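Structure assessment
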Amino acid sequence: MIIAFALAAALTYGAADFCGGIATRRNPAATVVVLSQVAGGVVLALAWRAFPAGGHFYVEDTLWGLAAGVAGGIAIAALYGALAVGRMGVVSPITAVIGASVPVVAGFAFGDRPSAEALAGVALAFVAVALVSANAETRALSLRAPGVGLALVSGLAIGALYVFLARGHGDAGFARLAVTRVVSVVVLGAYVLARRESLRPAPGSLRLILGAGALDMSANVLYVLAAHSGLLAVAAVLTSLYPASTVLLARIVLHERLTTSQWSGVAIAACGVLLIAVSR
């Protein structure tokens, strides 16, 4: 089930980023982030009511939720800060690859020992994440380019979020996510107050913002299910394939053309998933 849950999380995260990206073209980033977080809270409440067994509170899981909430707030604030001054073609591959790397290292530290086939699949997935996020701008990447520093911070925070959400008891997933969401809203609220930005959405964009939040929380739930179904490295790297979902939606909805490297990334991702599947 880990493969199904992780790939579903990747598809849903990618769709959330797509909706959020379109919404930020018409609204301040803070408006999109905060309102989408509120919508995600509603989705979590509905999921918790449907599956109450997944919401047991434990002290340990509350602490992991606090850590995940701080990491999630930093990740989003840094990501939107990077996008405000940098380019998506530079920011996206950095956050995706760094975000996937942290859980792999953590997984080995926690004692995960994937098979040779699974490791090969994870390696291919890493390549795929970079390729589906890449474009001509990435080839000229410089550490001094605008937004790169914030993208690195966002990637590290995303990776930490993956690790923290995967820890704790399996029957405390929703409770841990609830703590995470409350803390992230507080962190992002402080961010908005510091920037003195308005939270009023542009006319006609509220549905898109709420949709992004609902998809993001749904992806969080799917990722937690994936992380508690198998190895952390496998769950996190497969989930980090979310840029493929974003670029494919851009191709279908916005009629944006995919580059040869992006199509190659999709094909390599499929090979990586197949290797991970046969290793089980």
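Details of the structure are given in the entry above.
Before going into details, it helps to say that this report is about the structure given with it. (Residues numbered from 1 in each chain as written. Predicted model: local features only at pLDDT ≥ 70, side-chain atom pairs only at ≥ 80, totals over all residues. Heavy atoms only, no water.)

Quick notes on the overall build of the protein
Using the following cut-off: Secondary structure elements are taken from DSSP: a helix is a run of H or I of four residues or more, a strand is a run of E of two residues or more, and numbering for both begins at the N terminus. Only protein chains enter the calculation, and the probe is 1.4 Å; a residue is then buried if its accessible area is under 20% of its type maximum, exposed if over 50%, and partly exposed in between. The contact criterion used is simple: two residues touch if any of their non-hydrogen atoms lie within 4.5 Å. Each accessible area value is a Shrake-Rupley result obtained with a 1.4 Å probe; residue values ignore everything except the protein chains displayed when judging cover.
Helices and strands together make up the secondary structure of the protein, namely 11 helices and zero strands. Helices and strands in the protein line up, N terminus first, as α-α-α-α-α-α-α-α-α-α-α. By the burial criterion, 47% of the 280 residues in the protein qualify as buried. Sequence separation of 24 or more characterises 90% of the internal contacts of the protein that already satisfy a separation of 6 or more. Counting only carbon and sulfur atoms, one obtains 69% of the accessible surface of the protein, whose full area is about 12,800 Å².

Here we look at the environment of F126
Its location among the elements puts F126 in helix α5 (residues 116-133). Measuring from C-alpha to C-alpha, the distance between F126 and I268 comes to 9.4 Å, with 142 residues separating the pair along the chain. Dropping the residues within four chain positions of it, F126 is found in contact with V97, A100, S101, V104 and V237.

As for the nonpolar core
Cut-off, in case you're wondering: In these notes, a set of buried Ala, Val, Leu, Ile, Met, Phe, Trp, Tyr and Cys residues joined through side-chain atoms within 4.5 Å is what counts as a nonpolar core.
The biggest cluster of nonpolar side chains holds 48 residues, and the ones touching the most others in it are Y13, Y162, L165, L177, Y223, L238 and L241. Of the residues forming this core, the biggest block, eight residues, is contributed by helix α6 (residues 148-166). Aside from chain neighbours lying at most four places away, what touches L177 is L44, L165, M217, N220, V221 and V224. In this structure, A23, A77, L188 and I209 belong to the second largest nonpolar core, which totals 10 residues.

Quick notes on the side chain of T239
Counted only if it meets this: Distance and chemistry together define a polar contact, namely a pair of N or O atoms within 3.5 Å, with one atom able to donate a hydrogen and the other to accept it when in protein, and with adjacent residues in sequence counting only for side-chain atoms on both sides.
Within the fold, T239 resides in helix α9 (residues 232-239). A distance of 2.7 Å separates a polar atom in the side chain of T239 from the backbone oxygen of A235. Here T239 is in contact with A6, A9, A10, Y13, Y162 and Y223, once residues within four sequence places are set aside.

What about the layout of surface pockets?
Test applied: Put plainly, a pocket is an open set of points on a 1 Å grid over the protein atoms alone with protein on both sides within 12 Å along at least five of seven lines, a cavity is a set where a 1.4 Å probe fits but cannot get out, and a lining residue has an atom within 4 Å of a point. Grid points are joined across faces, edges and corners, and a volume is the space filled by probe spheres set on the points. In the scheme used here, Gly and all other residues not listed as nonpolar or charged are polar, with Ala, Val, Leu, Ile, Met, Phe, Trp, Tyr, Cys and Pro taken as nonpolar and Asp, Glu, Lys and Arg as charged.
As a volume, the second largest pocket reaches approximately 210 Å³. For the second largest pocket, the full set of lining residues is L7, A10, L11, L241, Y242, A244, S245, L248, V266, A269, A270 and V273. Of all the elements in the fold, those that place two or more residues in the lining of the second largest pocket are α1 (2-23), α10 (242-253) and α11 (260-278). Considered class by class, the residues forming the lining of the second largest pocket number 11 nonpolar, one polar and no charged.

A look at a nonpolar patch on the surface
Short version of the rule: What goes into a patch is any residue over 30% in relative accessible area without a salt bridge, connected to like charges within 9 Å or, for nonpolar side chains (Val, Leu, Ile, Met, Phe, Trp, Tyr), within 5 Å. The term salt bridge refers to a side-chain nitrogen of Lys or Arg lying within 4 Å of a carboxyl oxygen of Asp or Glu.
On the surface, a cluster of nonpolar side chains totalling about 300 Å² of accessible area is made up of V59, L63 and L66. Of note, L63 is situated in helix α3 (residues 59-85). By relative accessible area, L63 is classed as exposed at 54%.

Some words on the packing of α6 against α9
Note the cut-off: Here an angle of 0 to 180 degrees is reported between the N-to-C directions of two axes, which are lines fitted to C-alpha atoms, with helices fitted over the stretch in contact. Angle categories: roughly parallel below 35 degrees, roughly antiparallel above 145, roughly perpendicular from 65 to 115, and oblique for all the rest. Here is the rule for handedness: rotate from the far helix to the near one, and if that takes an anticlockwise turn smaller than a right angle the crossing is left-handed, while a clockwise turn gives right-handed.
Running from N to C, α6 and α9 point in directions that differ by 135°, and their axes come no closer than 11 Å. Regarding the angle of α6 to α9, the classification is oblique. Pair α6 / α9 crosses with right-handed handedness. Seen from α6, the contacting residues are Y162, V163 and A166; seen from α9, they are L232, A236 and T239. Its residues assigned to classes, the contact of α6 with α9 comprises five nonpolar, one polar and no charged.

Looking at α6
Going by this rule: A helix's residues, less one, multiplied by 1.5 Å, set its expected span.
Compared with the 27 Å implied by 1.5 Å per residue over 19 residues, the 27 Å span of α6 between its first and last C-alpha is a close match. G168 sits one or two positions beyond α6 and adopts a positive phi of about 90°.

Points about the environment of L208
When you line up the elements, L208 lands in helix α8 (residues 206-227). In sequence terms L208 and A16 are 192 residues apart; their C-alpha atoms lie 9.5 Å from each other.

So, the side chain of T180
On the secondary structure map, T180 appears in helix α7 (residues 173-195). The residues contacting T180, other than those within four sequence positions of it, are G65, A68, G69, L161 and L165.

Structural notes on the packing of α8 against α9
Their axes nearest at 8 Å, the elements α8 and α9 cross at an angle of 150°. It follows that α8 is roughly antiparallel to α9 by the angle criterion. As α8 packs across α9, the resulting crossing turns out to be right-handed. Seen from α8, the contacting residues are Y223, A226 and A227; seen from α9, they are L232, A235, A236 and T239. A breakdown of the residues in the contact of α8 with α9 according to their chemical character gives six nonpolar, one polar and no charged.

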